[in-house]
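In case you want the letters, here they are:
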Amino acid sequence: MILDLRQIWTRHPAGLNLGLLVYALAAVGAALGVAMLLVALVGAVRDGQGWYAFAVIGTGVALPAAAILVFARPPNLTPIIRARDVLLTVTSCWLFAALLSALPIRLEGDARSYVAAVFEAMSGFTTTGSTIYDAIEPLPDSVLLWRATTQWLGGIGIIVLLVGIAPALGIGSTRALFAEVSGPLKERYTPRIAQTARALVRIYVVLSVACAGAYMVVGMSAWNAVLHAMTTVSTGGFSPHTASLGQYDAAPQLVAILFMFLGGVNFGLYILLSSRRRPSLGMRYEFHWYCIALVAFSLIVLATLAGFDEQRSWTAALDATFAVVSIVTTTGYVTADFDAWNETARTVVLAIMFVGGCAGSTVGGVKIIRWMMLGVSIRAELRRLMHPSAVVSVRLGDRHFADRDILTLMSFVVAYMLVFVTSALAVAATSSVDLETAISAAAASITLVGPGLGAVGASESYSALSDGSLAILSATMLLGRLEVFTVLALLTPAYWRRR
Amino acid sequence: MHIIVIGAGEVGSHIVETLVLGGHDVVLIERDIERAANARDRLDALVLDGNGASPDVLAAAGVERARLLVAVTDNDDSNLIACMAGRSMSGDRLRTVARVRDRSYFQGRSAVMHGALGIDLVISPDRTTANDIADALELPGAVTVEQFANGRLVVGEVIVQQESPALDRSFRELRETGHVVAGFTRNGSLSIAYDETTVAAGDHLFVLSPRADAARTVGYLAGGVPKAKRVMIVGATEIGLHLARRLARTGRMVTLIESKRARAVAAAERADDVIVLRAEGTDREVLVEEGIDRVDAFVACTDDDGDNLLAALTARQLGARTAFALVSRSDYLALVDAMSVDAAFSPRMHTADAILRFVRRGEVERLHQFVGGAEMIELRPTEPCAATRAPVRELKLPRDCIISAIVRGDDVIYPRGGDQVMVGDAVVVLAQPRAIAAVERLFQA
């Protein structure tokens, strides 16, 4: 029996390609099911507890999903894959991954409610790293591994994995990939989009393995090294310790700084360098400014701490650098409790959440390249003010921007800030927390940093918030990870209108 | 194989699409930024902005790794220069193809020049198309004709009319009376002709027959169409003129209609056994006056797709037995089935066919691509391979493909399950796009 997914194409009144959707969800389900079975196996072998739900749910999902994949025709034969089909498919894949992964977290991780479990899973896939657990150590090994796995899978991107490992989306691949990869300028580096995806995955795996190796060299146990590597390179921030990286001394912290930094670099840069091609000028500028931003913010934080901290030793420098790298790369590991710093330093912490790393990396936030584009367009605007009839070219390195690009950029920044403000208001309305907590929780969620200030601060968790707030923040994280527009489009009535 | 295609027009995009399906890595170079952006959105290929004849752009496209460069921009000179640049950058390993319109680039001594410049294939869309139309007109009843196995096997496209004896009969019955149909198109998409399917009016049948029987077989299925004696051609374009001269040479009565004075005069000078009229192709009075009702074949080949379709419709309405239109835009090709126009010839599709044939040289001898991407290909196993080791029934043929004919010496075999392919045969296969790669694998040693 062959299930022909083309048949369900026109079933939806808005003419959406539901065949593509079913196929993509089946691919995600099969992948997650297999991952759950592996986690169950590891959990059963290591501490023998908390693996049962993983085994049952993994089997229950993997089998039907595999059946759909085997018996359905691949969706590249569907009549048309339009931009709007891709928006729905990409968003649904992410939502489905979080909803599904929340099940074992609820059952084996003893989460207080399903909503809280979804928050934890969404925080995992979006590599945010905010948690609902006040204490991490009591969790069974299977749940610890699962939290790390969600971050590792979400870091490079679910769609990138789908396209890179299995040609699951057919001719919709390019659009789907570009809907997920972060940054304003989407580029491919190879003739086929699947090759680009495979190259991304390859680099990601190499970085992860190198990171785990480095952690082990500096004395971390193999188990902790693997868990941390999965959440460092993905700039996720889940740790198997309540004290996060604060559990360790300087050497593992330096390794973490290095690999968070590497995870925040544009992966296109690695692809180009590994195939001995020269990156564009714009890409090199972005990398320079990324480095400059990290150094500059570290110095600023150190300077604000100088008056406050009596011990002006190099540990203060390490703490400041770690905090800045952790926040700018939106990882969210914690060593020093930055929530206990002085007001100036805390304000800086809140502000630099929005900086973000390079485009095309595993990092959230607004992204360095967008700030650079904003900078050059403001400069062009100023020049127009001084020379009203000047012909001004807005450019970055060798790349010129059309008005359309600038408009897209501006709309993005405005929409991003609107989502942030709305989310903060909604959190304030649904939980009894102070203003600082509400604002920092929304900021840390949309930028995918994780820990915020106040009740959700570095040494706290998100358990103080109500389920309503957790649901809102889950949505905020998804909006942040898919860079707002992909999800926002689905929320407009026009998207669902019959046509 | 790493392939560079220059020019994202109709031909370029079509070639890229087919090559990508065939598993090749393609870099497409396009000068026009909007066109490039459009191609980037639709094709699974790396699309670069820029001038394809520039060495820097070619280097960025990876010309040292490339095995094939196809230059199909609108500009003859760019195409030639791009091929020269590519060849000089990466030597003989790179095969080059250029599309060239200007006659003076491939007449007379030009062939010598192409060798010296390092261009392996120069394609003239006009000439290729004119020859294909003439082939079809020489086989009455067929609207297109393809030849395989060095001309020993002919595949004619026949439209089933109300008076056709094939109507309502199954493909098995037709086969038993010696009329072998490989595939048919209905509602614009191609299907393989399995035994139990019955023929409906309006179907386009693809009929196989040995060269000697072609006229009889095709004529029978088409319902007895007489030989195309009287031909009327509209448009003294390069194609129209070439076609008129070739048909007149074989003793047909050819009338050529052209609305532009200078062109009409030039045509009259170059073809003196053709009657050249100066008129619009849609002018009913002129058509009636010139006996359109007794015309066997009417061919509209002006530069304008719309004019061609309207002229062909007019001719059919006024009584021309068959009418053909030249249609460049592939979007319009699908419309032709819905009209009473018999067939459309697309110079771009013919160009793409010729280029794809060249690309697959070695793998595939001859090839014809149908609208929708299905292909009829000829394969010649020169060494024992999977296909020659077992009878057809036991071959693991993918779905959506069929071995239509085996040509062995001068014999044409329409294989049943028990027949077996032998080394040295020419095997003609009809396959949907997704099955093509698997079929080719069966024939590789």
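We now turn to the structure provided with this report. Residue numbering note: each chain is counted from 1, following its sequence as written. Ligands are numbered from 1 and chains lettered from A, in the order in which they are written. Residues qualify for local features only when their pLDDT is at least 70, as the model is predicted, and side-chain atom pairs are given and counted only at 80 or more; totals for whole chains, interfaces and linings, by contrast, use all residues.

**Section: helix α2 (residues 52-71) of chain A**
Helix and strand definitions follow DSSP, with helices as H or I runs of at least four residues and strands as E runs of at least two, each counted in order from the N terminus. Here, expected helix span is obtained from the residue count minus one, scaled by 1.5 Å. Here α2(A) spans 29 Å end to end across 20 residues, near enough to the 28 Å set by a 1.5 Å rise per residue. Residues of α2(A) that are buried make contact with α1 (18-46), α3 (83-108) and α5 (141-156) of chain A. In this description, a residue-residue contact is defined by the distance between C-beta atoms placed from the backbone, which must lie within 7 Å.

**Notes on helix α9 (residues 222-232) of chain A**
Each residue is classified by how many other C-beta atoms fall within 10 Å of its C-beta atom, where C-beta atoms are placed from the backbone; a count of 20 or more means buried, 12 or fewer means exposed, and values in between mean partly exposed. With respect to burial, α9(A) is a largely interior element, eight of its eleven residues being buried. Buried within α9(A) we find A:Ala225, A:Val226, A:Leu227, A:His228, A:Ala229, A:Met230, A:Thr231 and A:Thr232.

**Remarks on the nonpolar core**
Buried Ala, Val, Leu, Ile, Met, Phe, Trp, Tyr and Cys residues form a nonpolar core when they are connected through C-beta atoms within 7 Å. Judged by nonpolar contacts, the single largest core of 153 residues is most densely connected at A:Val90, A:Trp94, A:Ile158, A:Ile159, A:Val324, A:Ile352 and A:Ala442. Top element by residues in this core is α1(A). It accounts for 15 residues. The contacts of A:Val90, once residues within four sequence positions are left out, are A:Ile159, A:Ala176, A:Ala179, A:Glu180, A:Leu482 and A:Thr486. Among the nonpolar cores identified, the runner-up in size contains 104 residues, and B:Val234, B:Leu277, B:Val299 and B:Ala343 belong to it.

**Quick look at the interface of chain B and chain A**
Across the contact, six residues belong to chain B and seven residues belong to chain A. Of the residues forming the side of chain B that touches chain A, the biggest block, three residues, is contributed by strand β2 (residues 25-30) of chain B. Across the side of chain B that touches chain A, the residue classes tally to four nonpolar, no polar and two charged. Polarity classes work like this: nonpolar for Ala, Val, Leu, Ile, Met, Phe, Trp, Tyr, Cys and Pro, charged for Asp, Glu, Lys and Arg, and polar for all others, with Gly in that last group.

**So, the environment of A:Ile132**
In this structure, A:Ile132 sits in the loop between α4 (114-125) and α5. A:Ile132 sits 173 residues away from A:Leu305 along the chain, and the two C-alpha atoms are 30 Å apart.

**Overview of the sheet that holds strand β13 (residues 253-258) of chain B**
All names here are of chain B. The parallel open sheet is built from six strands, whose spatial order is β14-β13-β12-β15-β16-β17. Edge positions in the open sheet fall to β14 (275-278) and β17 (343-345), since each of these has one partner strand only. In this sheet, adjacent strand axes meet at a mean angle of 20° when their direction is disregarded. Paired strands, in this sense, are two strands between which DSSP finds at least two bridges. The sheet contact formed by strand β12 (residues 230-234) and strand β15 (residues 297-300) spans four bridges and is parallel. Paired with Ile-233 across the strands is Val-299, a residue of β15. Each axis is a line fitted through C-alpha atoms, and for a helix only the stretch in contact is used; angles between axes span 0 to 180 degrees, taken between their N-to-C directions.

**Side note on the pairing of strand β8 (residues 153-159) of chain B**
All names here are of chain B. Counting buried residues along β8, seven of its seven residues qualify, which places the element largely inside the surrounding structure. Direction of pairing for strand β7 (residues 142-148) relative to β8: antiparallel, over a ladder of six bridges. By the bridge assignment, Glu-146 is partnered in β8 with Val-155. Between β7 and β8, which follow one another and run antiparallel, lie four residues, and Ala-149 among them has a positive phi close to 50°.

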